[in-house]
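Chain residues, written in single-letter form:
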Amino acid sequence: MALIGLVAACGGEDGGGGTAAEGGGGGDASSYPTESIRMIVPYGAGGPTDLTTRTVGACIEEELGQTVVVENLPGGSGALATTELVAAEPDGYTLSLVTAGTMVLTPLANEVGYTKDDITPVGVMTEVPSVLAVGENSPYATAEDFFAAVEAQPGTVTVGTPGASTPQAIELQRLAEEHGVQVTAVPFNGNAEMTTALLGGNVDAVLINASSDVVQNIESGAFVPLVASPEERLSWLPDTPTFTELGYDGLTLSGSTFGLAGPAGLPDDVVSTLEDTLQTCLDKPEVQQTLGEEYVLEEFAGAEELGGVLDRTQEVYEPILG
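About the criteria used
- Residues numbered from 1 in each chain as written.
- Predicted model: local features only at pLDDT ≥ 70, side-chain atom pairs only at ≥ 80, totals over all residues.
- Heavy atoms only, no water.
- Helix = DSSP H or I, 4+ residues; strand = E, 2+ residues; numbered from the N terminus.
- Buried < 20%, exposed > 50% of the residue type's maximum accessible area, 1.4 Å probe, protein only.
- Lys, Arg positive; Asp, Glu negative; His and termini not counted.
- Salt bridge = Lys/Arg side-chain N within 4 Å of Asp/Glu carboxyl O.
- Polar contact = N/O pair within 3.5 Å; in protein donor to acceptor, adjacent residues only side chain to side chain.
- Pairing = 2+ DSSP bridges.
- Axes fitted to C-alpha atoms, helices over the stretch in contact; angles between N-to-C directions.
- Contact = heavy atoms within 4.5 Å.
- Phe/Tyr/Trp six-rings, centres within 6.5 Å; stacked < 30°, edge-to-face > 60°.
- Core = buried A, V, L, I, M, F, W, Y, C linked by side-chain atoms within 4.5 Å.
- Parallel < 35°, antiparallel > 145°, perpendicular 65-115°, else oblique.
- Left-handed = near helix turned anticlockwise from the far one by under 90°.
- Nonpolar A, V, L, I, M, F, W, Y, C, P; charged D, E, K, R; others polar.
- Arc of directions from axis to C-beta.

Undergrad: Before we go on, may I ask you to explain the side chain of Glu 127 in this structure?
TA: Take Glu 127: it is sitting in strand β4 (residues 119-128). It turns out Glu 127 is buried and unbridged, and the closest side chain with the opposite charge, Arg 312, is 12 Å from it. Separated by 3.1 Å, the side chains of Glu 127 and Thr 257 make a polar contact.

Below is the structure:
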């Protein structure tokens with residue numbers, strides 16, 4: 001899936017030939033790891049980011065033979081956790097889940113003291129696409145119905161988003177600016193509020209991450225997906241066209257890529273160890289089942305690919321938010 005497009009930006013390179021992190025507390029990088037690893041989640045407990053980090057963390061602990069401690073640090077649209085990450089020693093003992101929201105949108109929208117270049121990407125853990133969905137009793141049975149109504153009465157159709165400065169909200173802004181299709185975005189605090197609003201008839205549609213709760217609503221018929229965010233159709237939503245298919249090129253960034261990263265300057269040996277371990281974990285059927293097979297990429301995306309996601313997101317969103 002080409003969800004939020006991708007996520008990350010290569011952080012600083014190891015200046016010492018990739019054998020050790022200067023000033024780090026973890027010893028020789030070639031023997032990494034020799035102590036417990038801290039993995040930060042920039043969001044609260046219980047959500048998809050928490051599940052992803054804890055599932056991957058447990059597998060990394062098993063594979064590397066060192067305790068992995070997962071810590072939730074919500075706040076500041078990811079700024080609290082990311083500030084901790086970028087200030088940590090680049091030795092591989094402090095890692096974090098990262099998204100394009102935390103590493104690109106938050107720094108563009110606020111003075112947080114860091115950018116995407118202050119981290120070292122390791123790899124993509126999961127990608128959660130977004131869908132434009134309506135309720136089961138909606139007058140819009142298809143994407144064509146929806147966009148015909150929008151074009152007939154610009155600005156009158158309301159679409160819920162998980163916040164005012166989220167990828168979903170910005171993609172709707174791009175829909176208007178780049179394609180001349182004007183809806184009214186209505187921000188909410190996350191999927192639960194959006195679901196209540198849609199089912200209660202308070203908004204006409206939602207552009208929402210297709211996490212497990214949304215998939216359940218789709219399967220029950222409560223939600224009707226009209227459009228998916230990836231460039232190509234989702235294998236598990238084969239009848240749902242993409243924005244790209246419908247002629248709205250470039251609108252592929254509204255999903256969420258959950259990546260794993262360390263501070264800038266992480267030694268090459270450490271990155272390789274973590275990257276290889278992450279790939280091993282994501283190949284395990286039990287890990288895929290816990291994360292949701294539909295969210296684990298068929299082809300592993302490592303440090304370079306995660307960096308490309310963040311780079312692409314910055315390229316697109318900086319002119320809008322910068």
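Now that the structure is up, let's keep going.
Undergrad: Please explain the sheet that holds strand β5 (residues 130-135) as it appears in this structure.
TA: Hydrogen bonds along the backbone pair up the strands of a sheet, which may run parallel or antiparallel. Here five strands make up an open sheet; going across it, the order is β7-β6-β8-β5-β9 and the pairing mixed. The sheet is open, and its two borders are formed by β7 (184-187) and β9 (223-228), each paired with just one other strand. Neighbour-to-neighbour, the strand axes of the sheet open up by a mean angle of 30°, direction not taken into account. In terms of strand pairing, strand β6 (residues 158-161) meets β7 through four bridges, oriented parallel. Its bridge partner being in β7, Thr 161 is matched across the sheet by Pro 187. Along the sheet, helix α4 (residues 143-152) makes contact with β5, β6, β8 (205-209) and β9, crossing β9 at roughly 75°. Sitting on the sheet, helix α6 (residues 191-199) touches β5, β6, β8 and β9, and the angle it makes with β8 is about 155°.

Undergrad: Help me understand the packing of aromatic side chains, please; the structure alone is not making it clear to me.
TA: Two descriptors summarise a pair of aromatic rings, namely the distance from one centre to the other and the angle between the planes of the rings. According to the stated counting rule, one finds five aromatic pairs in the structure shown. Seen from their ring centres, Tyr 32 and Tyr 93 are 5.1 Å apart, and the 65° between their planes marks the pair as edge-to-face. Here the residue Tyr 32 occupies a position in the segment before β1 (37-41), and Tyr 93 occupies one in the loop between α2 (79-87) and β3 (94-98), the gap between them amounting to 61 residues. By the burial criterion, Tyr 32 is buried, and Tyr 93 matches it. Taken together through their ring pairs, the aromatic side chains of Tyr 140, Phe 146, Phe 147 and Tyr 248 make up a single cluster.

Undergrad: Sorry, what's going on with the sheet that holds β3 here?
TA: Strand order in the open sheet formed by five strands is β2-β1-β3-β10-β4, with mixed pairing between adjacent strands. Of all the strands in the sheet, the pair left with one neighbour each is β2 (68-72) and β4. Here the average twist between neighbouring strands, direction ignored, is 25°. Bridge count between β3 and strand β10 (residues 256-263): three bridges; the pairing is antiparallel. Across the sheet, Val 98 pairs through a bridge with Gly 259, a residue of β10. Packed onto the sheet, α2 meets β1, β3, β4 and β10 and runs at close to 150° relative to β1.

Undergrad: What's the story with the nonpolar core in this structure? I'm lost.
TA: Counting 31 residues, the largest nonpolar core has Ile 37, Met 39, Ile 60, Leu 260, Leu 274 and Leu 282 as the members making the most contacts within it. A total of six residues in this core trace back to one element, the largest contributor, which is helix α8 (residues 268-282). Here Ile 60 is in contact with Met 39, Gly 65, Val 68, Leu 260, Thr 277 and Cys 281, once residues within four sequence places are set aside.

Undergrad: Looking at this structure, how should I read the packing of helix α3 (residues 100-109) against helix α10 (residues 303-321)?
TA: Packed helices, taken two at a time, are described by the angle between their axes plus the distance between the axes. Where α3 meets α10, the axes come as close as 10 Å, and the angle between the chain directions of the two elements is 25°. One finds that α3 runs roughly parallel with respect to α10. In the packing of α3 onto α10, the handedness of the crossing is right-handed. Note on element contacts: α10 touches α3 through Leu 310, Thr 313, Gln 314, Tyr 317, Glu 318 and Leu 321, opposite Ala 100, Met 103, Val 104, Leu 105 and Leu 108. Residue composition of the contact of α3 with α10, by class: eight nonpolar, two polar and one charged.

Undergrad: What am I meant to see in helix α7 (residues 212-220) here?
TA: Side chains three or four residues apart in an α-helix point the same way, a direct result of the helix having 3.6 residues per turn. Those residues of α7 that sit buried are Val 214, Val 215, Asn 217 and Ile 218. Buried residues along α7 cover an arc of 160° about the axis, so they all sit on one side. Of the exposed residues in α7, the ones pointing more than 90 degrees away from its buried face are Gln 216, Glu 219 and Ser 220. Contacts made by the buried residues of α7 are with β5, α6, β8 and β9. Phi turns positive, to about 95°, at Gly 221, one or two residues after α7.

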